[in-house]
Each structure stands twice: as structure tokens, then as C-alpha cells.
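Next come the chains, spelled out residue by residue.
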Amino acid sequence: MNFSVKNRSEIIDKLKNTKLDVLAIGGGITGAGVAIQASGDGLKTGLIEMQDFAGGTSSRSTKLVHGGIRYLKTFDVGVVSDTVKERAVVQGIAPHIPRPAKMILPIYDEPGSTFDMFSVKIAMKLYDKLANVTGKYASKVISRDEALKLEPSLNPDKLMGAGIYLDFRNNDFRLVIENIKQAYTNGALPVSRVKALDITHDANGKANGVLAQDLVTGDKFNIKSKIVIDTAGPWSDRVRKLDKDDTSKGQIRPTKGVHLVISDAKLKLPATTYFDTGDQDGRMVFVIPSAGKVYFGTTDTDYKGDYKNPTVTKQDVDYLLNVINHRYPNAHITLDDIEASWAGLRPLLSSNGGSDYNGGNKFRISNTDFKKLVDVVKAYEAGKKSKQDVEAVLQGIQKVNSELKPSASSVSRGSSLKEDKDGLLILAGGKITDYRKMAAGAMDKIKEILEHDFGMKVELKDSKKMQVSGGHFDPTKVDETIDKYAQYGIKRGIDKDTAYRMANRYGSNSPAIFDNKDNLKAAPGLNLGETLSLHYALDHEMTMSAVDFLLRRTNRILFAAETLPKIKQPVVDEMARYLNWNDAEKARQLQELNATIAQSQLDYLK
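Keep in mind it's a predicted model, so treat the numbers as computed, not measured.

Draft legend 1. Quick look at helix α19 (residues 583-600). Helix length check: α19 (18 residues) gives 26 Å between terminal C-alpha atoms against 26 Å at 1.5 Å per residue, within 8%. What α19 keeps buried is the set Gln589, Leu590, Leu593, Ile597 and Ser600. All buried residues of α19 project into a common sector of 95° when viewed along the axis, lining one side. Facing away from the buried side of α19 by more than 90 degrees, the exposed set consists of Ala584 and Gln591.

Here you go:
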């Protein structure tokens, strides 16, 4: 089923002429989660996104599906328990996307350190119990000498040892687009570059749709829907204010997170490493190897600028370079070493001051409470206490923690589902790991409204079993299945590295992509794999610009910057041929692409 700019006008016509059951405003991970579930439940579903799908927050994360071990520094066991359970669900419905990865947690003897060697052992044991982690991924504590042998680039000064535990890598954009593609296959009507201008109402003052504008053609049109749900992430309050009668206070407190990318020639890592900054600011930073590159972040600062285009500042760069060069003193990383970067906004809820996002919570457990916790954990491991006994001790600790005044780094990543007086639903906050769970909660409310107000009978399916596009295979056999797909690609004439890269990216869709070689020749300047990927993106992933393809569909701008000078013109040329662009549009596309690359590479700071 094609999902392409070539049938985009058909989708918009259907949006104009269909009375929907559910319309989501916002095409990031939250809206994508609602769209796949609503359409999977047989509801007439629409989704509009004013940028490219996942053009905002949902393509600018740390690219992990967190288990949340950071929350155990304040012993927020409830958060970790929920997070690791949901992480397993996401891995089941999108098995080609989240992948298990070893994480190294160096422990330093410094004031304000998150963990010491004893507390990290306790935290990781709890983590493994909650996540049901056993075997080769079970956590362990290693000595200082073992840590330096494993990761010799680490600063040895005050290093005490390290913890090693399991977390999951993620391709954030791919998770969004695979949900949206599956929703479309289910019958949903998702469309990008369409902006909500106004919330419309019926004669009784109830929200019944939106006035929208196609940002490509300029055309304005109405979309009618029984239920309208705001899933706009950082823009949530702004969407809510489209309702002229809304007098509510905003609930979103966006914070900016920045990541920088360098070549792994500058810094070799055996695995993702996660550590305190060393600045005694209570914050932690990830350093993540990825496809010959290393990226690190994130910052976490309150943000009031342009939501569409948050930028990396010199202050952001200086902060992260100071952290990375402190922990890896022989790396000597400078601004000139940065090959790419990105900045994203987190849709944090200002009202929720519980668990922190990035290590900014200044809460420290008292010695008395810590002794109680250690004693009950030891008793639990000996079989003398139950999990409920452990949780009982933790409840008192969490209560104190939740009452602390939040800072920019300690606002909860919790989510919120509200219904305005006119019936507009607002699904806000949350983190990418919880997107399915958030959508399921919204669907319970949607079912209630449709049955009570519209007399509809709605049967909700189990969303834990709704596999996304590309994820239709056994999640317990990921490696074997991806290998099978890649070998098929090799048999079809794709080189080995490209075949594995495509199999990992596209999952169960990859055999059909490989088969398309019978209909295509390598485009000028592109190899066969690149040509197949580009045409798949154009035919089935609503790719409308060269930036869409090179930044989000493939992450090439972020993790293969050195290839861009050679490939960017051939990509624009092939898209122009496919989409019938004239010379003026080709020039505009190339200009937009060059500007995006320049911003990613921080040319304005160099």
C-alpha cells in the first residue's frame, strides 16, 4: 500500500470528506501511538502534523529506550518497574527497532556523585529483578582495574569501579514512522505538513474538529471528528490555545536537550557509558558509540525560544565538551571535531515534580533510610522478605522525594491525560518508552466518550500485541530473523554491509524492498541499496524533501556526515525525477538541505 506524496492529495480529500471518530493533532511518537491503536480498533482515525512526521522532539532524543536505572538513585522503584515492563512491550511490538545493549556506569569518588560502589550494586540488583534480566545481560560490578581495562580512555583519577547493566538502543524516528505506516495500513488517514489553525465546535460548544491548512498548497479546509486529541508534545499548550474559549493555564515546561557527534577515531568506546558530569551539578551524560561515530549528551535547560528550530549554542557545546574532556582527558575533543549535532525539546509537565529526567534531582537519601533499604534488600535476596516489603520501605523515601521543588533537570517525565470543558482531549508529557501505554490510556477514555456520547460500541484490542510496520516477526528471534533478511538481500545483489543495514532498518519490510531491484537500476551517483532505500522512502514513508530522507529516514546527516558532499546532489536529482520537480524546486531543496547540514555541523559556531 503506497504512502507517498503521490497519493497525499487523496488522503487529504478523505480527511475533508470523512466524519472521523478520532483526530490526533501532532505526528510525533504520542500521536503515532494513538493513531495505530485507534485505527487498529477499527475507528475512523486521522492524524495531522505541521512538519515532517517526528520532525520535532520524537527524532531528537538520546535514541535509547530507557530502563530508567537513573531513577534508582532516588530509589523510585515504581518508575523503574513500570518503565522496564513497558520497554519489553515496545521490543515485542517493534522488534527490529529497540536493541539490547551493554551500558557501563563508571563510579567516581566525588562530592555529589549519584552512586557509590555499594549503592550502585543495590540499585542494579533491584533493576535486574524489576526487569527480569538474567544470563549474559545480568548486571555486575567491576573493580577500578577492570573498568580501566574495559574502557582505558576513562579518567582514572578518583575512579572506584563501574557497574555494567542492560539498556536498549533505539532509532526514534523509525519507531514513529513504523507506527504511522501501520496505522495507515489499518485505514488511518495520517498526513504531514498540515497545520491546525483552529479548534471547531458544534452548536453545543463541543469540539468537533479543526480548521486546517495544507502548508504545501496553502489550502484551508475543515476536518470533522467526534473526538479531537492534542498529541502535539511541546506544542501541546499552543494547540490547546487554538480554542478561543480556553482559559486554562499551560502545563508544558519544555527543556532543551543537545547532543554532539564525533568520529570514533577520536574516542573508542566498548559500549555506551553513562556517568556524572563531574561538575557537582547532579547531572549525568551518555556517551554512545554508533556506526563508526560517538555521540554524547544531553544538556537539560529551560527553553523559551523557537520551538520549530531549537539550536545548539556555544554554551551548550562548551558544557558538553568540558564534561567529555574531563572524563576522557586524552581525547582532547574540540568544536572542530564535531561532525553533527541536534537539539530537541522535552515536553515536561510543569506540575509534576517527582522523578527527574537527567539526574538533576538534588534529593539524597538519609543514612537511616538507606540502612533500612539495604537491610530489607538483603533480606529479600535471602528469601526472608517480599517485594512488597521492599516497596513499603521505598514508599516513604519516594514521598519525600516527590515533594521536592523541581528544577529544569528534575521535572517529571510523567504524562497527563485531560479533557477540557469543550471535550478536547490533551495527552501530554511522557517519554518515548511509555508511548504505547500513554496511547492505551487515551483509548480507554476515547472508548468511554464514544460509547456514552455517541452510542458507539467500541472493542479495544490488546495494544501490547499490535506490531508495527516492519515488526511482523517473532520478537524472541530478532538476530536470527534480521540475519535471514540480510542474507536474502545479499542473494538479491546487495552488498553485505548495506544488506544488513537495510535489514536492521526496515525489518520485515526489507525482503520486499530488496525485491524492488527488479524494477529499479541504481540511480546516477547512488548505489543500488541507496536507490532502493530512497524509493522505499518515497513510495511508502511520505518522504517529501531531501532533508526528510537524509536526516530522519536514514539518519545520514547525523551519523555519516562525511558522505554528504558526494550523495546530496544525486539524492536531490533522483527525487526531482521521481516527483517532477522543476529547476527552481531542485535549487530550493538543495538550499534547504545545505542549510540543515550547516546547522547540524555547527558552521555558525566554527
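Alright, that's what it looks like, and here's the rest.
Draft legend 2. Expanded view of the packing of aromatic side chains. Applying the stated rule across the entire model yields 12 aromatic pairs. Taking the centre distance of 5.4 Å and the plane angle of 45° together, the rings of tyrosine 295 and phenylalanine 559 count as tilted. Taken together, the residues span a long stretch of sequence, with tyrosine 295 in strand β14 (residues 293-297) and phenylalanine 559 in helix α17 (residues 556-559) at a distance of 264 residues. Residue classification places phenylalanine 559 among the buried positions, given a relative accessible area of 12%.

Draft legend 3. The arrangement of the pairing of strand β2 (residues 45-49) in detail. Within β2, five of the five residues are buried, which leaves the element mostly enclosed by the surrounding structure. Where burial is concerned, the two faces of β2 agree: the one with Thr45, Leu47 and Glu49 and the one with Gly46 and Ile48 are both buried. In this sheet, β2 lies alongside strand β1 (residues 20-25) in parallel orientation, the contact comprising four bridges. Paired with alanine 24 across the strands is leucine 47, a residue of β2. Chirality of the crossover, the property in question, places the unit of β1, helix α2 (residues 29-40) and β2 among those that are right-handed. Sheet analysis places β2 next to strand β7 (residues 189-192), joined by four bridges and oriented parallel. Across the sheet, isoleucine 48 pairs through a bridge with valine 191, a residue of β7.

Draft legend 4. Seen up close, the packing of helix α12 (residues 478-491) against helix α13 (residues 496-506). Axis separation between α12 and α13 bottoms out at 8 Å; the angle between their running directions is 135°. The angle between α12 and α13 places the two elements in the oblique class. Here α12 runs over α13; the crossing is right-handed. Residue-level contacts link Ile482, Asp483, Tyr485, Ala486, Gln487, Gly489 and Ile490 of α12 to Lys496, Ala499, Tyr500, Ala503 and Asn504 of α13. Grouping the constituent residues of the contact of α12 with α13 by class yields seven nonpolar, three polar and two charged.

Draft legend 5. Representation of the nonpolar core within the structure. One finds Ile48, Val210 and Ile223 to be the most contacted residues of the largest nonpolar core, which totals 73 residues. Broken down by element, this core gets its largest block of residues, eight residues, from helix α11 (residues 435-454). Split by domain, the residues of this core number at least three in each of domain 1 (5-58 + 173-248 + 420-465) and domain 2 (64-170 + 253-349). Among the nonpolar cores identified, the runner-up in size contains 50 residues, and Ile69, Leu105, Ile107 and Phe549 belong to it.

Draft legend 6. Main features of the domain arrangement of the protein chain. Its domain assignment divides the protein chain into domain 1 (5-58 + 173-248 + 420-465), domain 2 (64-170 + 253-349), domain 3 (367-399) and domain 4 (477-601). Here the C-alpha centroids of domain 2 and domain 4 sit 30 Å apart. Contacts between domain 2 and domain 4 engage 17 residues on the former and 15 residues on the latter. Of the roughly 1100 Å² buried at the junction of domain 2 and domain 4 (both faces included), carbon and sulfur atoms supply 51%. Of the charged contacts, one joins glutamate 562 and lysine 293 as a salt bridge, the two residues approaching to 2.8 Å between their closest N and O atoms. Where domain 2 packs against domain 4, one counts four residue pairs in polar contact (both at pLDDT 80 or more).

Draft legend 7. Local environment of the pattern of salt bridges. Counted under the stated rule, the structure contains 35 salt bridges. For aspartate 214, the salt bridge identified is with arginine 8, shortest N-O distance 2.8 Å. Here arginine 8 lies in helix α1 (residues 8-17) and aspartate 214 lies in strand β9 (residues 207-214), a separation of 206 residues in the sequence. With respect to class, aspartate 214 is no different from arginine 8; both count as buried. Note that arginine 174 is salt-bridged to glutamate 178, the shortest N-O span being 3.5 Å. Placement of both arginine 174 and glutamate 178 in helix α6 (residues 172-186) is noted, with a separation of four residues, approximately one turn of the helix.

Conventions adopted
Residues numbered from 1 in each chain as written. Predicted model: local features only at pLDDT ≥ 70, side-chain atom pairs only at ≥ 80, totals over all residues. Heavy atoms only, no water. Helix = DSSP H or I, 4+ residues; strand = E, 2+ residues; numbered from the N terminus. Expected span 1.5 Å × (residues − 1). Buried < 20%, exposed > 50% of the residue type's maximum accessible area, 1.4 Å probe, protein only. Arc of directions from axis to C-beta. Phe/Tyr/Trp six-rings, centres within 6.5 Å; stacked < 30°, edge-to-face > 60°. Pairing = 2+ DSSP bridges. Right-handed = clockwise from strand over helix to strand, strands pointing away. Axes fitted to C-alpha atoms, helices over the stretch in contact; angles between N-to-C directions. Parallel < 35°, antiparallel > 145°, perpendicular 65-115°, else oblique. Left-handed = near helix turned anticlockwise from the far one by under 90°. Contact = heavy atoms within 4.5 Å. Nonpolar A, V, L, I, M, F, W, Y, C, P; charged D, E, K, R; others polar. Core = buried A, V, L, I, M, F, W, Y, C linked by side-chain atoms within 4.5 Å. Domains from an automatic or database assignment. Buried area = accessible area lost by both parts, 1.4 Å probe. Salt bridge = Lys/Arg side-chain N within 4 Å of Asp/Glu carboxyl O. Polar contact = N/O pair within 3.5 Å; in protein donor to acceptor, adjacent residues only side chain to side chain.

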